[in-house]
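Residues per chain are reported as follows:
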Amino acid sequence: MEEQEAAFRVALRGQLGLPLEFHGTLDSTNRRAAEWASNGAPHGALVVADHQTAGRGRHGRTWLSHPGAGLLFSLILRGHDYLDSPGVLTTALGVAVAQGITDAAEIATSVKWPNDVYSGGRKLAGILVETTTGTADAAVIAGIGVNVSLPPSKLPRGIAERATSIVEQRRRVTEGPPPGRAELLAHTLLRFEQLWAEVATNGPGELMTTATSLSEVLGRHVLITLPGGTSVEGEATGLTHEGALVVDSPDGRMELMSGEVELLRSS
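Residues numbered from 1 in each chain as written. Predicted model: local features only at pLDDT ≥ 70, side-chain atom pairs only at ≥ 80, totals over all residues. Heavy atoms only, no water.

K.L.:
Any details on the overall build of the protein? Residues and values, ideally.
P.N.:
On a plain count of helices and strands, the protein comes out with seven helices and 12 strands. Against the compact-globule benchmark of 18 Å for 267 residues, the protein has a radius of gyration of 18 Å, which places it among compact chains. Expressed as lengths along the three principal axes of its C-alpha atoms, the size of the protein is roughly 55 × 50 × 35 Å. Counting the 267 residues in the protein, one finds 53% classified as buried. For the protein, the accessible area works out to roughly 12100 Å², and carbon and sulfur atoms hold 49% of it. (Helix = DSSP H or I, 4+ residues; strand = E, 2+ residues; numbered from the N terminus. Rg over C-alpha atoms; globule rule 2.2 N^0.38 Å. Buried < 20%, exposed > 50% of the residue type's maximum accessible area, 1.4 Å probe, protein only. Areas by Shrake-Rupley, 256 points an atom, 1.4 Å probe, with all protein chains shown as cover.)

K.L.:
Can you tell me about helix H1 (residues 2-11), naming the residues and giving the values?
P.N.:
All of the buried residues in H1 are Glu 5, Phe 8 and Ala 11. Seen from one end, H1 has its buried residues packed into an arc of 130°, which puts them on one side. Away from the buried face of H1 by more than 90 degrees, exposed residues Glu 2, Glu 3 and Val 10 are located. Check the buried side of H1 and you find it contacts strand S1 (20-26), strand S2 (46-52), strand S3 (70-77) and helix H6 (181-202). (Arc of directions from axis to C-beta. Contact = heavy atoms within 4.5 Å.)

K.L.:
Lay out helix H2 (residues 29-38) in plain terms, naming residues and giving numbers.
P.N.:
Among the residues making up H2, those that are buried are Thr 29, Asn 30, Arg 32, Ala 33, Trp 36 and Ala 37. Considered in projection along H2, the buried side chains sweep an arc of 160° and stay on one side of the axis. At its buried positions, H2 is contacted by S1, S2, S3, strand S6 (122-131) and strand S7 (140-147). One side-chain oxygen at the N-terminal end of H2 lies 3.3 Å from the backbone nitrogen of Asn 30; it belongs to Ser 28. Positive backbone phi, approximately 100°, marks Gly 40, located one or two places after H2. (Polar contact = N/O pair within 3.5 Å; in protein donor to acceptor, adjacent residues only side chain to side chain.)

K.L.:
Provide a residue-level description of the packing of helix H4 (residues 86-105) against helix H7 (residues 205-213), including the pertinent values.
P.N.:
The geometry of H4 relative to H7 is characterised by a closest axis approach of 10 Å and an angle of 55° between their N-to-C directions. One element, H4, and the other, H7, form an angle in the oblique class. The two elements H4 and H7 cross, and the hand of that crossing is left-handed. Where H4 approaches H7, its residues Val 88, Thr 91, Ala 92, Val 95 and Gln 99 are matched on the opposing element by Leu 207, Met 208, Thr 210 and Ala 211. Residue composition of the contact of H4 with H7, by class: six nonpolar, three polar and no charged. (Axes fitted to C-alpha atoms, helices over the stretch in contact; angles between N-to-C directions. Parallel < 35°, antiparallel > 145°, perpendicular 65-115°, else oblique. Left-handed = near helix turned anticlockwise from the far one by under 90°. Nonpolar A, V, L, I, M, F, W, Y, C, P; charged D, E, K, R; others polar.)

K.L.:
Go over the nonpolar core, please, and point to the residues and values.
P.N.:
Nonpolar side chains tend toward joint burial in soluble globular proteins. Counting residues in hydrophobic clusters, the biggest one holds 62 residues, and the most contacted among them are Ile 101, Val 146, Ile 166, Leu 185, Phe 192 and Leu 245. Among the elements that make up this core, the one with the highest residue count is H4 (11 residues). Among the nonpolar cores identified, the runner-up in size contains 11 residues, and Leu 26, Ala 37, Ala 41 and Ile 76 belong to it. (Core = buried A, V, L, I, M, F, W, Y, C linked by side-chain atoms within 4.5 Å.)

K.L.:
How would you summarise the environment of Ala 211 if you had to cite specific residues and measurements?
P.N.:
You can see Ala 211 is positioned in helix H7. Ala 211 sits in the buried class, given a relative accessible area of 6%. For Ala 211 and Leu 93, which are 118 residues apart along the polypeptide, the C-alpha to C-alpha distance reads 10 Å.

K.L.:
Outline the packing of H4 against H6, supporting the account with residue identities and numerical values.
P.N.:
Interhelical geometry of H4 versus H6 gives an angle of 140° and a closest axis separation of 8 Å. Looking at the two axes, H4 sits oblique to H6. Crossing geometry of H4 relative to H6 is assigned as right-handed. Counted together, Val 88, Leu 89, Ala 92, Leu 93, Val 95, Ala 96, Val 97, Gln 99, Gly 100, Ile 101, Asp 103 and Ala 104 of H4 and Glu 183, Leu 184, His 187, Thr 188, Arg 191, Phe 192, Leu 195, Trp 196 and Val 199 of H6 form the full contact between these two elements. For the contact of H4 with H6, a count of residues per class yields 14 nonpolar, four polar and three charged.

K.L.:
Before we move on, can you summarise the environment of Ser 110 with the specific residues and values?
P.N.:
The residue Ser 110 is located in strand S4 (residues 110-112) in this model. You can call Ser 110 buried: its relative accessible area is 10%. Between the C-alpha atoms of Ser 110 and Leu 124, which are 14 residues apart in sequence, the distance is 9.5 Å. Excluding its chain neighbours within four sequence positions, the residues that come into contact with Ser 110 are Asp 116, Val 117, Tyr 118, Leu 214 and Glu 216.

What follows is the structure, given as structure tokens:
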């Protein structure tokens, strides 16, 4: 385990990722990161696990993992620019994960609004953003899980048909080995750092242009289930500078900040 932790530390290139905790087995990197943040962990601190026993996705779902088969980490972010712009932050994280995977693994990726990364039309990575509460110095916890090598056949029916891995997608373009998880992490954190620096300097315009070019949903007919249980059907036509999805529905143009997207057909 010490060798794995050292590999992650050595691979880091930017300002994010230290201090770093590496766990062989952990219930949830987001839970541990929130606990650490409440005890004073600084901006950029990182929790990485080789395996999670109770990994979480959005809407209370479980993120399944096998030891050594995925990149599982949670990043602690502090500052009002992160806390006050959840849509922009989630967009930046999605783009960073997509670009980081492409940089390291040389496979095409896309972003399924608001927080999934796809390759070959199937889910490759997920993002769960949570905010700590009850502390004077609140923090955002950005949890990310990437399926590096777990075959979809090892996943439960119903998930397997929608999932993929870096190994599976690389076989379509090369016989070379997949990138190491430390390399993948380093590329992703560096991409996020660069994207957020651009947002802080010039606003989210360029980020949203990039997110548009990587979108899995824009130009598609979608059904979106909203947090309250109601749904919206229409064509996904754009992203606002706040990270909202623009949908042209029979009831008019709508800007949605969150929801569960089902792709119905190409327009």
